[in-house]
Amino acid sequence: MKQITDFENKKVLVLGLARSGEAAARLLARLGAIVTVNDGKPFDENPSAQALLEEGIKVVCGSHPLELLDERFELMVKNPGIRYDNPMVARALEKGIPVWTEVELAYLISEAPIIGITGSNGKTTTTTMIADVFNHAGKSGLLSGNIGFPASEVAVNATADDTLIMELSSFQLMGVETFRPHIAVITNLMPTHIDYHGDFEGYVEAKWNMQNHMTEEDFVVLNFNQDLAKELAQRTQATVIPFSTSEKVDGAYLEEGTLYFKGEAVMLASEIGVPGSHNVENALATISVAKLSGISNDIIKETLSSFGGVKHRLQFVGEVNGIKFYNDSKSTNILATQKALSGFDNAKTILIAGGLDRGNEFDELVPDITGLKLMVILGESAPRVKRAADKAGVATLVAKDVAEATRIAYENAEAGEVVLLSPANASWDMYKSFEVRGDEFITSFEALKG
């Protein structure tokens, strides 16, 4: 890591712990800052705070006292999930204290170049694809950021021979000041997290912060299937590399079933290891980054052909008696389920769907579920999902949970068919998270296999 002196003897407040806050606090202390950590969880129930205190870092736990900000802090580093209307954050901004997220720290100390990946859908899959391609090519691609490895923690041990493959959320990107990746990827932009950003325009601007300091020596990879991306392409100093499944562009594109980069055939779309039109887009983004990084077509093809997906994101779980099981528990909205279904033959697919009832209907899903062999529905939203299934002419069966839904689907499936968990709903009516929901699907599959 770079031995910078920017933080020596500066008072810094780290607001919110979790893994990223803990990593930021340790890094700042290592850089000579006078660090205070403030976390809402009581000290007795807070092993992270206890560990930091043992390391000599001041901790204030159990509440967020506004008077803490009277201690002349020069910087706040906040957990990305804490909103800007939070009283502590709002007071810091009133006092003129810069508010960052820890990815800015990672950038400042990283010896490794950074490839940043963001977007509404597909960013985790694309991040993983890119890292896999780098590592198969003998280049060290280190997963970092929103994918579960705090960027500031990974950057500490990265060298100039590594590359940080960094997944970035809109929340993280609102808290950057000088951050500059060498390659930036935006998979797509859809209305989401509006409660956090206020409106879609605010959400887009947060994502677009990623390229604010890029120059023509850097590259921004954009999805030209979206007119919005074409508009954004006019607003950057970076060199734009487009990708598209609908037109031939001066970058990566799909033409007659083959994936190309600047006129050079790389591989067949049918050779990608995970199904779905959205994964063709993810592969094109990955090909763009790989070709810009000097990686051969053979390595790209070999890696993407063997790519098995990311856990809970259209993950191929396995096969029992010729029936294939796919775990797409991460599909917590209609769009994600639409994209998942695009990779399968509806007549040979049984869909498990339903979950938290947010009051919305599922009419948008009707064209995508038409022709399904069967739907197994569950959760609070089951009656609304059933209304869409009825409009599509699809038979439904009701299950009390994912385990029962998996068994029902299996009992109604035949060899050559698919059981797909892609709920189109959040999990919180029945499960703590989509991960817990997906794990129950995997456990149920293993029971059937056994």
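One can find the structure itself at the top, above this paragraph.
Below is a short write-up of the structure. (Residues numbered from 1 in each chain as written. Predicted model: local features only at pLDDT ≥ 70, side-chain atom pairs only at ≥ 80, totals over all residues. Heavy atoms only, no water.)

The next thing to look at is the overall build of the protein. In terms of regular secondary structure, the protein is built from 17 helices and 20 strands. Against the globule reference of 22 Å for 450 residues, the protein gives a C-alpha radius of gyration of 23 Å, in line with a compact fold. Principal axes of the C-alpha set define a box for the protein whose edges measure 65 × 55 × 40 Å. Burial analysis of the protein (450 residues in total) assigns 56% to the buried set. A total of about 18,400 Å² of accessible surface is found on the protein, and carbon and sulfur atoms cover 48% of it. Looking at charge distribution, the protein has the averaged site of its 40 positive side-chain charges lying 1 Å from that of its 61 negative ones. (Helix = DSSP H or I, 4+ residues; strand = E, 2+ residues; numbered from the N terminus. Rg over C-alpha atoms; globule rule 2.2 N^0.38 Å. Buried < 20%, exposed > 50% of the residue type's maximum accessible area, 1.4 Å probe, protein only. Areas by Shrake-Rupley, 256 points an atom, 1.4 Å probe, with all protein chains shown as cover. Lys, Arg positive; Asp, Glu negative; His and termini not counted. Charge placed at Lys NZ, Arg CZ, Asp CG, Glu CD.)

Moving on, we get to the sheet that holds strand S2 (residues 34-39). Taken in spatial order, the five strands line up as S3-S2-S1-S4-S5 in an open sheet, and their pairing is parallel. Edge positions in the open sheet fall to strand S3 (58-61) and strand S5 (99-100), since each of these has one partner strand only. Pairing of strand S1 (residues 11-15) with S2, which is carried by five bridges, proceeds in the parallel orientation. Bridging from a neighbouring strand, Leu15 pairs with Asn38 of S2. Set on the sheet, helix H3 (residues 87-94) makes contact with S1, S2, strand S4 (75-78) and S5; between it and S4 the angle comes to about 155°. (Pairing = 2+ DSSP bridges. Contact = heavy atoms within 4.5 Å. Axes fitted to C-alpha atoms, helices over the stretch in contact; angles between N-to-C directions.)

Of note, Ala18 is a non-glycine position whose phi angle comes to about 55°, a positive value. Mapping Ala18 onto the fold places it in helix H1 (residues 18-30). A positive phi angle is found at Asn321, which is not glycine, with a value near 50°. Within the secondary structure, Asn321 sits in the loop between strand S15 (315-320) and strand S16 (323-327).

It is at 9 Å that the axes of helix H5 (residues 123-136) and helix H12 (residues 297-306) come closest, and there the two elements cross at 130°. With respect to H12, the axis of H5 lies oblique. Once H5 is placed against H12, the crossing between them reads as right-handed. The residues of H12 that touch H5, namely those facing Met129, Asp132, Val133 and His136, are Ile299, Ile300, Thr303 and Leu304. Tallied by class, the residues present in the contact of H5 with H12 amount to five nonpolar, two polar and one charged. (Parallel < 35°, antiparallel > 145°, perpendicular 65-115°, else oblique. Left-handed = near helix turned anticlockwise from the far one by under 90°. Nonpolar A, V, L, I, M, F, W, Y, C, P; charged D, E, K, R; others polar.)

Structurally, His312 is set in the loop between H12 and S15. Not counting residues within four places of it along the chain, the set of residues in contact with His312 comprises Asn327, Asp328, Ser329, Lys330, Phe434, Glu435, Gly438, Asp439 and Ile442.

So, on to the side chain of Asn282. Assignment of secondary structure puts Asn282 in helix H11 (residues 277-292). A polar atom in the side chain of Asn282 sits 3.0 Å from the side chain of Asn279. In this view, Asn282 contacts Gly122, Thr125, Thr126 and Met129; residues no more than four positions away in its chain are not counted. (Polar contact = N/O pair within 3.5 Å; in protein donor to acceptor, adjacent residues only side chain to side chain.)

Attention now moves to the nonpolar core. Of all hydrophobic cores here, the largest spans 57 residues; its most connected members are Phe7, Leu28 and Val37. Counting residues per element, this core draws most heavily on helix H4 (residues 102-109), which supplies five residues. Every residue in contact with Val37, bar those within four places of it in the chain, is listed here: Val14, Leu17, Ala25, Leu52, Ile57, Lys58, Val59 and Val60. If you look at the next biggest cluster of nonpolar residues, it comprises 34 residues, including Ala252, Ile287, Ile300 and Val310. (Core = buried A, V, L, I, M, F, W, Y, C linked by side-chain atoms within 4.5 Å.)

In space, the six strands of this open sheet follow the order S15-S16-S20-S17-S18-S19, with mixed pairing throughout. Each end of this open sheet is capped by a strand with a single partner; those strands are S15 and strand S19 (396-398). In this sheet, neighbouring strand axes are inclined to one another by 20° on average, regardless of whether the strands run parallel or antiparallel. Each of S15, S16, strand S17 (349-353), strand S18 (374-377), S19 and strand S20 (418-421) touches helix H16 (residues 402-412); the most contacted strand, S17, lies at about 165° to it. Across the sheet, helix H17 (residues 434-449) is in contact with S15, S16, S17 and S20; its angle to S15 comes to roughly 20°.

This part takes up the environment of Gly318. The topology assignment puts Gly318 in strand S15. Taking the C-alpha atoms as reference points, Gly318 and Glu446, separated by 128 residues in sequence, lie 8.8 Å from one another. Those residues in contact with Gly318 that lie beyond four places of it in its chain are Ile323, Lys324, Phe325 and Phe445.

Here H1 crosses helix H2 (residues 47-54) at 5°, and the two axes come no closer than 11 Å. On the basis of their axis angle, the class for H1 and H2 is roughly parallel. Contact residues: H1 offers Glu22, Ala25 and Arg26, while H2 offers Ser48, Ala51 and Leu52.

So, on to the environment of Leu27. Within the secondary structure layout, Leu27 lies in helix H1. The exposure class of Leu27 is buried, given its relative accessible area of 3%. For the pair formed by Leu27 and Ile109, sequence separation is 82 residues and the distance between their alpha carbons is 9.5 Å. For Leu27, the residues in contact, after removing those within four places along its chain, are Met1, Leu105, Ile109, Ser152 and Val156.

Let us now look at the environment of Glu302. By secondary structure assignment, the location of Glu302 is in helix H12. Note: C-alpha distance between Glu302 and Glu271 (31 residues apart in sequence) is 9.3 Å.

Functional significance is not addressed by these values, which are geometric in nature.
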